[in-house]
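# Structural characterization, general
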Amino acid sequence: MAAPLYGLLLVGGKSTRMGQDKAQLIYRDDQPEWIRLHSLLSEHCEKSFLSHRADQEFGVDAIIDPAEGPLCAIHAAQQAHPHARWLVIACDLPLLESPTIAELIASSTRDNQATSYRSRVDHRAEPLCAIYEPSSAEAISQAVKNGSRCPRKVLETIDTKLIVLKSPHALDNANSPADTLEVRSHLTHSRMSKTITVRYFAQLRELAGCDEESVTTDSVTSSGLYEELKSRHAFPHKQKQLMLAINDDFSDWATPLKAGDEVVFIPPVAGG
């Protein structure tokens, strides 16, 4: 008998950077994201579950998230239904739509242990829009026992099929207020091209190969701009590791960019 495809929507995170529950945010159709994404899973999966903490309640079928990271949530689902194939998505993907899920499913095969999209930012596996086959369970269980909390690292150690994302922004995360501005600009088609001067220091300067460059971008915020440049120059730093200045003033990542702005990304000092 063929293994059934079950869906798992991860909603158990604390949404610390966002400052409010990401699963309850509304971007379109007057629906909280958890309802929209749960409906998408239900279109494609025999059964769909939410993975949420014990102190949460959504009123739909759920598998309790141990609240120890996404890998543990996936492990809990595999333990609950060991014969299922699991299509796992995160609740912070407001640009994810049905065709992207359909392409992932169509590309998957049980000859592999998992199927994942390749990130447009760093070209590594996207673990939270991926299919985990039953054959991945042993590796995931062992990783959890070893204290790992990162599903991406597991995908990089097992037989994972990586596929190209046809819609480049479909898996853009919305983890912060700056990210929501970028997402809403995509949804309202209000993105406008502008030219920004970017200056680099320390390791960023070495990786970019220049002190400054003129960048034409349609990103709305410095957050979106940095993710573009991170992909282009293979910057290793997360935004939280950097300081940001716009026009010589320290600034917030959600500050809207204007044509002619000068943006400076300041990495940690050596040893920091």
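Residues numbered from 1 in each chain as written. Predicted model: local features only at pLDDT ≥ 70, side-chain atom pairs only at ≥ 80, totals over all residues. Heavy atoms only, no water.

The strand order across the open sheet formed by five strands is β11-β10-β14-β12-β13, and the pairing between neighbours is mixed. The strands lining the two open edges of the sheet, one partner per strand, are β11 (212-217) and β13 (249-250). Pairing of strand β12 (residues 243-246) with strand β14 (residues 262-266), which is carried by four bridges, proceeds in the antiparallel orientation. Its bridge partner being in β14, M243 is matched across the sheet by I266. Packed on one face of the sheet, helix α8 (residues 222-233) meets β10 (194-200), β11, β12 and β14 and runs near 115° to β11. (Pairing = 2+ DSSP bridges. Helix = DSSP H or I, 4+ residues; strand = E, 2+ residues; numbered from the N terminus. Contact = heavy atoms within 4.5 Å. Axes fitted to C-alpha atoms, helices over the stretch in contact; angles between N-to-C directions.)

A few words now on the sheet that holds strand β9 (residues 160-163). Here seven strands make up an open sheet; going across it, the order is β5-β4-β1-β6-β8-β7-β9 and the pairing mixed. Edge positions in the sheet fall to β5 (62-64) and β9, since each of these pairs with one other strand and no more. Neighbour to neighbour, the strand axes of the sheet diverge by 30° on average, direction disregarded. Judged from the four bridges that link them, strand β6 (residues 85-90) and strand β8 (residues 125-132) form a sheet pairing that is antiparallel. Of the residues in β8, the one forming a bridge with L87 is I131. Those strands touched by helix α3 (residues 98-107) are β1 (5-10), β6, β7 (114-118), β8 and β9, and its axis lies near 135° from that of β7.

A few words now on the pairing of β7. In terms of residue burial, β7 counts as a mostly covered element, since four of its five residues are buried. The pairing of β7 with β8 spans four bridges and is classified as antiparallel. Note that in β8 the partner of R118 across the bridge is A125. Linking β7 to β8, which pair antiparallel, is a turn of six residues; within it H123 sits at a positive phi near 70°. Alignment of β7 against β9, held across four bridges, turns out to be parallel. Looking across to β9, one finds that S116 is bridged to L162. (Buried < 20%, exposed > 50% of the residue type's maximum accessible area, 1.4 Å probe, protein only.)

Domain annotation of the chain identifies domain 1 (5-164) and domain 2 (177-266). Summarising the inter-unit geometry, the C-alpha centres of domain 1 and domain 2 are found 29 Å apart. Listed as interface residues are 11 residues of domain 1 and, on the opposing side, 11 residues of domain 2. Of the roughly 960 Å² buried between domain 1 and domain 2, counting both surfaces, carbon and sulfur atoms make up 64%. Of all residues in domain 1, the largest losses of buried area upon contact with domain 2 belong to Y27, L95 and V121, amounting jointly to 52% of the total for that side. The interface formed by domain 1 and domain 2 holds zero salt bridges in total. (Domains from an automatic or database assignment. Buried area = accessible area lost by both parts, 1.4 Å probe. Salt bridge = Lys/Arg side-chain N within 4 Å of Asp/Glu carboxyl O.)

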